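Here is how the chains run, residue by residue.
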Amino acid sequence: MKTPIFITFEGGEGTGKTTQLGLLQKRLEKLGREVTLTREPGGTPLGVEIRRHLVANSNDPPVPTAELFLYAADRAQHVEGVIKPALAAGHVVLCDRYADATVAYQGFGRGLDRSLINELNKIATGGLWPKRTLLIELDHSEGVRRSLAREAALDEAESRFEEEEAAFHKRVAEGYRALMKENRDRFRLIDGDGTVEEVEVRVWEALKDLFGEAS
Ligand code: TMP
């Protein structure tokens, strides 16, 4: 069995994470790795239901504490039902957002208590943390613009977070920066500006040592 590796991608809205994750999956499969590509919220059937309540525009959105618990519930189900089994089978698990997102969005963005978030993350993850986390950074207004354009094109109504004020996105970005400083061994910063191909090169540079290629 090959060594299981758990990698997460984080960042603000519309930074290109999802596109890059798809490209990385293809690259790793060409290298002969089995890959589980998944996401939070929404990586399990229960999570898909939870996601709907979290990201949809609604007249009755969850209050911040309910939002926090919903992300934690999504994560608990995801870790037990998808991530742990995939790692046990020797897969590379690529996850589009994970526990860091709760610190950045609910902690720094919404201002909820950091120690409560840490406690919930500890319970929901069962102590499972990624080997590496790529933080893709892009000017937040450009990211929100890209994200809203994508949703309009797909006719998706997932814009509850994109429609938050600029100050919220700024706090989220600061939160990710703070997390990166606290976890330098695990985090790598990726400039999300440029073409898909340019960013793809940066992503691989930040990960290839995990797959036996010299960095
Ligand atoms: P996505 O659009 O990247 O899939 O993420 C959905 C939204 O959920 C995004 O605006 C970030 C937000 N989010 C949180 O607020 N807290 C979390 O713990 C996670 C995983 C995502």
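A. Seen up close, the layout of surface pockets. Here the largest pocket defines a volume of roughly 700 Å³. Every residue lining the largest pocket is counted, 33 residues in all, and those nearest its centre are K17, T18, R39, R51 and R97. Taken together, the elements giving at least two residues each to the lining of the largest pocket come down to α1 (17-30), β2 (35-39), α2 (45-55), α3 (64-88), α4 (99-109) and α6 (140-154). The element best represented in the lining of the largest pocket is α1, accounting for five residues. Broken down by class, the residue content of the lining of the largest pocket amounts to ten nonpolar, ten polar and 13 charged.

B. Highlighting empty space enclosed by the protein. A complete count under the given rule lists one cavity of 30 Å³ or more for this structure. Counting only elements with at least two residues in the lining of the largest cavity, the list comes to α1 and α8 (196-205). Classifying every residue of the lining of the largest cavity by side-chain character gives four nonpolar, one polar and two charged.

Conventions and cut-offs
- Residues numbered from 1 in each chain as written.
- Predicted model: local features only at pLDDT ≥ 70, side-chain atom pairs only at ≥ 80, totals over all residues.
- Heavy atoms only, no water.
- 1 Å grid on protein atoms, 1.4 Å probe; cavity = no way out; pocket = protein on both sides within 12 Å on 5 of 7 lines; lining within 4 Å.
- Points joined across faces, edges and corners; volume = space filled by probe spheres on them.
- Helix = DSSP H or I, 4+ residues; strand = E, 2+ residues; numbered from the N terminus.
- Nonpolar A, V, L, I, M, F, W, Y, C, P; charged D, E, K, R; others polar.

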